[in-house]
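If you want the building blocks of each chain, they are given just below.
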Amino acid sequence: MTTPKVATVRKGGSRLYVDELTGERQPGVTSIINMLAKPGLRYYYAKKTAESAIEDLGTIIEMVTKGRPDDAIDWLKPAPGRHSGKAADIGTQVHSIVEQLNRGESVTVHPDFQGFVDRYKEFLDLWQPEWLEVEATIWNDAVGYAGTCDGIARIQGEIAIVDLKTGQSGVYPEAGIQLNAYANGEFILEPNGDRRPLPKIEAAAVVHLRPDKCEVIPIRLGADIFQTFCALREVFTWETDIKGNVVGKPVAPDSESE
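In this report, the structure presented in the accompanying data block is examined. Predicted model only: the values in this text are computed from it and were never measured.

### Regarding the sheet that holds strand S1 (residues 8-11)
One open sheet holds the three strands; their spatial order is S1-S2-S3, and the pairing between them is antiparallel. Taken across any chain shown, the strands that pair with only one partner, and hence form the sheet edges, are S1 and strand S3 (25-27). This sheet shows a mean twist of 35° between the axes of neighbouring strands, independent of strand direction. Bridge count for S1 against strand S2 (residues 14-18) is four bridges, and the pairing is antiparallel. Across the sheet, Thr 8 pairs through a bridge with Tyr 17, a residue of S2.

### Re the environment of Val 107
As for its placement among the helices and strands, Val 107 is situated in the loop between helix H5 (79-102) and helix H6 (114-127). Look at Val 107 and you get partly exposed, because its relative accessible area is 22%. Apart from the residues lying within four places of it in its own chain, the contact partners of Val 107 are Ile 97, Gln 100 and Leu 101.

### So, a nonpolar patch on the surface
On the surface, a nonpolar cluster with roughly 440 Å² of combined accessible area is contributed by Val 235, Trp 238, Ile 242, Val 246 and Val 247. Summarising the element assignment, Val 246 is placed in the segment after helix H8 (223-242). Of the residues examined, Val 246 reaches a relative accessible area of 46% and is grouped as partly exposed.

### Section: the sheet that holds strand S10 (residues 213-219)
Within the open sheet, the seven strands sit side by side as S8-S7-S4-S5-S6-S9-S10. Their pairing is mixed. The open sheet has two edge strands, strand S8 (195-197) and S10, and neither has a second partner. The mean inter-strand angle of the sheet, taken between neighbouring strand axes irrespective of direction, is 45°. Here strand S9 (residues 203-210) runs beside S10; their pairing, made up of seven bridges, is antiparallel. Across the sheet, residue Leu 209 finds its bridge partner in S10, namely Cys 214.

### Structural notes on the packing of helix H7 (residues 174-183) against H8
In the contact formed by H7 and H8, the axes pass within 9 Å of each other and the chain directions differ by 90°. Taken together, the axes of H7 and H8 are roughly perpendicular relative to one another. Judged by residue contacts, Gly 176, Ile 177, Asn 180 and Ala 181 of H7 engage Ile 225, Phe 226, Thr 228, Phe 229 and Leu 232 from H8. For the contact of H7 with H8, the residue count by class is six nonpolar, three polar and no charged.

So, how was this worked out
Residues numbered from 1 in each chain as written. Predicted model: local features only at pLDDT ≥ 70, side-chain atom pairs only at ≥ 80, totals over all residues. Heavy atoms only, no water. Pairing = 2+ DSSP bridges. Helix = DSSP H or I, 4+ residues; strand = E, 2+ residues; numbered from the N terminus. Axes fitted to C-alpha atoms, helices over the stretch in contact; angles between N-to-C directions. Buried < 20%, exposed > 50% of the residue type's maximum accessible area, 1.4 Å probe, protein only. Contact = heavy atoms within 4.5 Å. Patch = residues over 30% accessible without salt bridge, like charges linked within 9 Å, V, L, I, M, F, W, Y side chains within 5 Å. Areas by Shrake-Rupley, 256 points an atom, 1.4 Å probe, with all protein chains shown as cover. Salt bridge = Lys/Arg side-chain N within 4 Å of Asp/Glu carboxyl O. Parallel < 35°, antiparallel > 145°, perpendicular 65-115°, else oblique. Nonpolar A, V, L, I, M, F, W, Y, C, P; charged D, E, K, R; others polar.

Spatial relationships are all this shows, so hold off on functional conclusions.
What follows is the structure, encoded as structure tokens:
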């Protein structure tokens, strides 16, 4: 839900970051983590499709009884996306507001988001983070990736990678893979291609923000977690560059001349 300041392009559904000076492209951290299997999603998709069928039962029955079952199927297929799209839009808008607050800027808030803002201001007052970087794009040439972190802050004497999550379901372990990738970046890339040193990261945390609460969730940094991310980077290469030319066309046996 973070909008990078560094140029990006889309390729096959994945985000690639672009170094404006060299033209080099690296896949985004989120696109790489999407290689991780998420079996729980199929139950989520099934539930949202079933809920949509019940909520729109009249519409579905009308389509079927009028001989348009394909239309009913087409209506139900994107049901999970309609729900997640609304949540993503809320998350994007809250991220934008939080970015302004972290930069010390004043914000104008729609009443729908006032609860998020009030809880986040309580977090700022309680924890007093010193923001060293806000919406910084982190780049790693050795492994081959880039990503934009929500912030790097000095909190209670430690320099921490901080990520904002607004999902109703809480914080998933995959957040640890994401933050370990950021923590192992080689430098910060500016939109004009300039490179700056990445501060030495000592800790990581997710700020889980909802209208009724704001919790700080510590995330473990470890070589084992980063190794998992590196393995997913290899899977990303398989998906985007290798698997398309693995299976050949049918062949016939060589004929033997007599």
